[in-house]
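Residue strings, one per chain:
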Amino acid sequence: AQSVTQLDSQVPVFEEAPVELRCNYSSSVSVYLFWYVQYPNQGLQLLLKYLSGSTLVESINGFEAEFNKSQTSFHLRKPSVHISDTAEYFCAVSESAGSGGSYIPTFGRGTSLIVHP
Amino acid sequence: DVKVTQSSRYLVKRTGEKVFLECVQDMDHENMFWYRQDPGLGLRLIYFSYDVKMKEKGDIPEGYSVSREKKERFSLILESASTNQTSMYLCASSSRVAFTYEQYFGPGTRLTVT
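Residues numbered from 1 in each chain as written. Chains lettered and ligands numbered in written order. Predicted model: local features only at pLDDT ≥ 70, side-chain atom pairs only at ≥ 80, totals over all residues. Heavy atoms only, no water.

1. A word on the overall build of chain B
Turning to step 1, where the next piece is worked out: Check the secondary structure of chain B and you find zero helices and eleven strands.
Turning to step 2, where the next piece is worked out: The order of α-helices and β-strands along chain B, N terminus first, is β-β-β-β-β-β-β-β-β-β-β.
Turning to step 3, where the next piece is worked out: What you see for chain B is a C-alpha radius of gyration of 13 Å, in line with the 13 Å of a compact globule of 114 residues.
Turning to step 4, where the next piece is worked out: Each principal axis of the C-alpha atoms in chain B carries an extent, and together these give about 40 × 25 × 25 Å.
Turning to step 5, where the next piece is worked out: Out of the 114 residues in chain B, the part that is buried amounts to 50%.
Turning to step 6, where the next piece is worked out: Across chain B, every contact between residues at least 6 apart in sequence was considered, and the portion connecting residues at least 24 apart equals 56%.
Turning to step 7, where the next piece is worked out: Carbon and sulfur atoms make up 50% of the accessible area of chain B, which amounts to about 5500 Å² in all. (Helix = DSSP H or I, 4+ residues; strand = E, 2+ residues; numbered from the N terminus. Rg over C-alpha atoms; globule rule 2.2 N^0.38 Å. Buried < 20%, exposed > 50% of the residue type's maximum accessible area, 1.4 Å probe, protein only. Contact = heavy atoms within 4.5 Å. Areas by Shrake-Rupley, 256 points an atom, 1.4 Å probe, with all protein chains shown as cover.)

Pasting the structure below:
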């Protein structure tokens with residue numbers, strides 16, 4: 001079974017500093033990779049995803065993540081964070097079709113990004 | 001705009017009560033999911049459904065049941081609520097045919113069982 005590890009439960013950082021949120025997964029077979037963000041008192045929303053092609057994927061608000069197959073990692077980075085980036089970030093991995101041909105993602109436990117002024 | 005709605009944002013119930021959490025999506029998605037979110041544990045899958053009247057157990061189905069009578073609606077039922085079911089419940093949906101694979105989440109229901 002797939003497992004997803006987010007190595008840091010909490011990452012405090014000052015505004016305008018760079019940040020990296022780490023994500024490793026267990027399976028080396030073909031996978032689909034996702035980062036979701038959850039702002040306070042809201043549901044999760046997709047930040048970015050890797051399905052195929054270029055291993056570097058970007059979001060519209062300046063985040064990027066790189067798929068590294070050999071290291072089974074999909075770390076999330078941003079060169080300069082804002083106060084508004086304070087949120088919970090979840091890494092998720094889907095590896096194969098389950099019942100009914102559906103892809104069921106496995107989620108990491110989440111990383112709380114706290115941006116200080 | 002894609003939308004998943006949940007019937008309540010906050011709910012307080014007593015131990016032993018039967019609890020219904022409703023989820024509706026307007027995207028004609030085949031797949032629907034119920035998760036439980038607890039601090040430090042991330043999201044844990046309770047049940048999912050890939051078609052009307054179809055359901056599959058997730059990682060923590062004990063104490064829960066589900067119903068999917070219509071494509072757009074997926075209900076989570078706590079037959080006899082207990083205090084250890086106090087949690088945030090998230091509903092999600094996804095397309096099985098669009099090959100986009102991502103999930104769309106509702107805002108969540110924070111359930112407190114006293």
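Having seen the structure, we can now continue with the description.
2. Focus: the pattern of salt bridges
Turning to step 1, where the next piece is worked out: For the coordinates displayed, the defined rule picks out twelve salt bridges over all chains.
Turning to step 2, where the next piece is worked out: The salt bridge involving Glu30(B) is made with Lys71(B); its shortest N-O contact spans 4.0 Å. With a gap of 41 residues between them, Glu30(B) in the loop between strand E3 (19-25) and strand E4 (31-38) and Lys71(B) in the loop between strand E7 (64-70) and strand E8 (73-78) connect regions that are remote in the sequence.
Turning to step 3, where the next piece is worked out: Where Arg36(B) meets Asp38(B), a salt bridge forms, and the shortest distance between an N and an O atom there is 2.8 Å.
Turning to step 4, where the next piece is worked out: By relative accessible area, Asp38(B) is classed as buried at 12%.
Turning to step 5, where the next piece is worked out: Salt bridges sharing common partners tie together Glu20(A), Glu66(A) and Arg77(A). (Salt bridge = Lys/Arg side-chain N within 4 Å of Asp/Glu carboxyl O.)

3. Quick word on empty space enclosed by the protein
Using a probe with the size of a water molecule, rolled over the atoms, empty space left in the structure can be pinpointed.
Turning to step 1, where the next piece is worked out: Counted under the stated rule, the structure contains one cavity of 30 Å³ or more.
Turning to step 2, where the next piece is worked out: Put simply, the largest cavity is a space of about 30 Å³.
Turning to step 3, where the next piece is worked out: Forming the boundary of the largest cavity are Asn41(A), Arg9(B), Tyr10(B), Met88(B), Pro107(B), Gly108(B) and Arg110(B).
Turning to step 4, where the next piece is worked out: Among the residues forming the lining of the largest cavity, the class breakdown is three nonpolar, two polar and two charged. (1 Å grid on protein atoms, 1.4 Å probe; cavity = no way out; pocket = protein on both sides within 12 Å on 5 of 7 lines; lining within 4 Å. Points joined across faces, edges and corners; volume = space filled by probe spheres on them. Nonpolar A, V, L, I, M, F, W, Y, C, P; charged D, E, K, R; others polar.)

4. A few points about the state of the cysteines
Turning to step 1, where the next piece is worked out: This structure, assessed with the given rule, holds two disulfides over all chains.
Turning to step 2, where the next piece is worked out: The partner cysteine of Cys23(A) in its disulfide is Cys91(A), sulfur to sulfur 1.9 Å. Between Cys23(A) and Cys91(A), the S-S torsion sits near -65°, and that sign places the bridge as left-handed. Here the residue Cys23(A) occupies a position in the loop between strand E3 (19-21) and strand E4 (24-25), and Cys91(A) occupies one in strand E10 (residues 87-94), the gap between them amounting to 68 residues.
Turning to step 3, where the next piece is worked out: What makes Cys23(A) buried here is its relative accessible area of 0%.
Turning to step 4, where the next piece is worked out: Note that Cys23(B) is cross-linked by a disulfide to Cys91(B), the S-S spacing being 1.9 Å. Measuring the twist about the S-S bond at about -75°, one finds the Cys23(B)-Cys91(B) disulfide to be left-handed. (Disulfide = S-S within 2.5 Å.)

5. Topic: the side chain of Thr111(A)
Residue and element names in this part refer to chain A.
Turning to step 1, where the next piece is worked out: Along the chain, the position of Thr111 falls in strand E12 (residues 111-116).
Turning to step 2, where the next piece is worked out: There is a polar contact of 3.2 Å between the side chain of Thr111 and the side chain of Gln6.
Turning to step 3, where the next piece is worked out: Not counting the four nearest positions on each side in its chain, Thr111 is found in contact with Gln6, Asp8, Ser9, Gln10, Val11, Leu21, Ala87, Glu88 and Tyr89. (Polar contact = N/O pair within 3.5 Å; in protein donor to acceptor, adjacent residues only side chain to side chain.)

6. Looking at unusual backbone geometry
In most cases, non-glycine residues show a negative phi, while peptide bonds are predominantly trans.
Residues and elements named next belong to chain A.
Turning to step 1, where the next piece is worked out: One non-glycine residue, Asn41, adopts positive backbone phi at about 60°.
Turning to step 2, where the next piece is worked out: Topologically, Asn41 is positioned in the loop between strand E5 (32-38) and strand E6 (45-50).
Turning to step 3, where the next piece is worked out: Notably, Thr72 is not glycine yet its phi reads approximately 45°, a positive angle.
Turning to step 4, where the next piece is worked out: Mapped onto the secondary structure, Thr72 falls in the loop between strand E8 (64-68) and strand E9 (73-78).
Turning to step 5, where the next piece is worked out: Take Thr72: its relative accessible area is 16%, and that puts it in the buried class.

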